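Take a look at the letters that make up each chain.
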Amino acid sequence: TVAGLTVTMIRDGGDTALEAGALVMGDQGVCCIDEFDKMGAQHEALLEAMEQQSISIAKSGMVCTLSARTSVIAAANPCGGHYDASKTIPENIKMSGPLLSRFDLLFLLLDKSDK
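About the cut-offs
- Residues numbered from 1 in each chain as written.
- Predicted model: local features only at pLDDT ≥ 70, side-chain atom pairs only at ≥ 80, totals over all residues.
- Heavy atoms only, no water.
- Helix = DSSP H or I, 4+ residues; strand = E, 2+ residues; numbered from the N terminus.
- Buried < 20%, exposed > 50% of the residue type's maximum accessible area, 1.4 Å probe, protein only.
- 1 Å grid on protein atoms, 1.4 Å probe; cavity = no way out; pocket = protein on both sides within 12 Å on 5 of 7 lines; lining within 4 Å.
- Points joined across faces, edges and corners; volume = space filled by probe spheres on them.
- Nonpolar A, V, L, I, M, F, W, Y, C, P; charged D, E, K, R; others polar.
- Polar contact = N/O pair within 3.5 Å; in protein donor to acceptor, adjacent residues only side chain to side chain.
- Contact = heavy atoms within 4.5 Å.
- Phe/Tyr/Trp six-rings, centres within 6.5 Å; stacked < 30°, edge-to-face > 60°.

Novice: I'd like a description of unusual backbone geometry, backed by residues and values.
Specialist: Positioned with a positive phi, Glu35 is a non-glycine residue whose angle comes to about 55°. For Glu35, the location among the structural elements is in the loop between strand S3 (30-33) and helix H3 (45-52). Take Glu35: its relative accessible area is 34%, and that puts it in the partly exposed class. Of note in the backbone geometry, Gln53 takes a positive phi value of approximately 55° without being a glycine. Topologically, Gln53 is positioned in the loop between H3 and strand S4 (54-59).

Dropping the structure here:
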């Protein structure tokens, strides 16, 4: 989830605290994300982290910016389970162009049938 990758706010009784997600905890390190295609519309929440290398939160009177200087390695499967060569990579994995452009390297692995 987005909260699991970025940051979430937790209320315990009258206290409020921030719980760091994988990108914040991986500051100055690497965060590996599998099943990236299963996140759906939640990809957009990663744009700030990947562009600004920080995550901002403003909820319940708490305003905070946390560092997320993290290298992201993500793996995604094509929609429908099969890569369609007539479509672009963003169309095959349903990822927006701006987010896809944040990755420095893209590898396309195809498993071609022998039949």
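Novice: Help me get a handle on the layout of surface pockets, residues and values and all.
Specialist: Its boundaries defined by the atoms lining it, the largest pocket holds a volume of some 960 Å³. Around the largest pocket, the lining comprises 32 residues; the ones closest to its centre are Ala74, Ala75, Ala76, Leu106 and Phe107. Looking at side-chain class alone, the lining of the largest pocket contains 22 nonpolar, five polar and five charged residues. Lining the second largest pocket, in full, are Val2, Ala3, Thr6, Val7, Thr8, Met9, Ala45, Glu48, Ile55, Ser56, Ile57 and Lys59. If you list the elements that add at least two residues to the lining of the second largest pocket, you get helix H1 (2-5), strand S1 (7-12), H3 and S4. Element by element, the count of residues in the lining of the second largest pocket is highest for S4, at four residues.

Novice: With reference to specific residues and values, describe the side chain of Asp37.
Specialist: Mapping Asp37 onto the fold places it in the loop between S3 and H3. Among the residues examined, Asp37 registers a relative accessible area of 18% and is labelled buried. At 2.9 Å, the side chain of Asp37 forms a polar contact with the side chain of Lys38. At 3.1 Å, the side chain of Asp37 forms a polar contact with the backbone nitrogen of Asn77. In contact with Asp37, not counting residues within four places along its chain, are Ala75, Ala76, Asn77 and Ile93.

Novice: Requested: an account of the packing of aromatic side chains, with residues and values cited.
Specialist: A complete count under the given rule lists one aromatic pair for this structure. Considering the side-chain rings of Phe36 and Phe103, the 6.1 Å spacing of their centres and the 85° angle between planes classify their relative orientation as edge-to-face. With a gap of 67 residues between them, Phe36 in the loop between S3 and H3 and Phe103 in the segment after helix H5 (97-100) connect regions that are remote in the sequence. Residue class for Phe103 comes out buried when judged on its relative accessible area of 14%.

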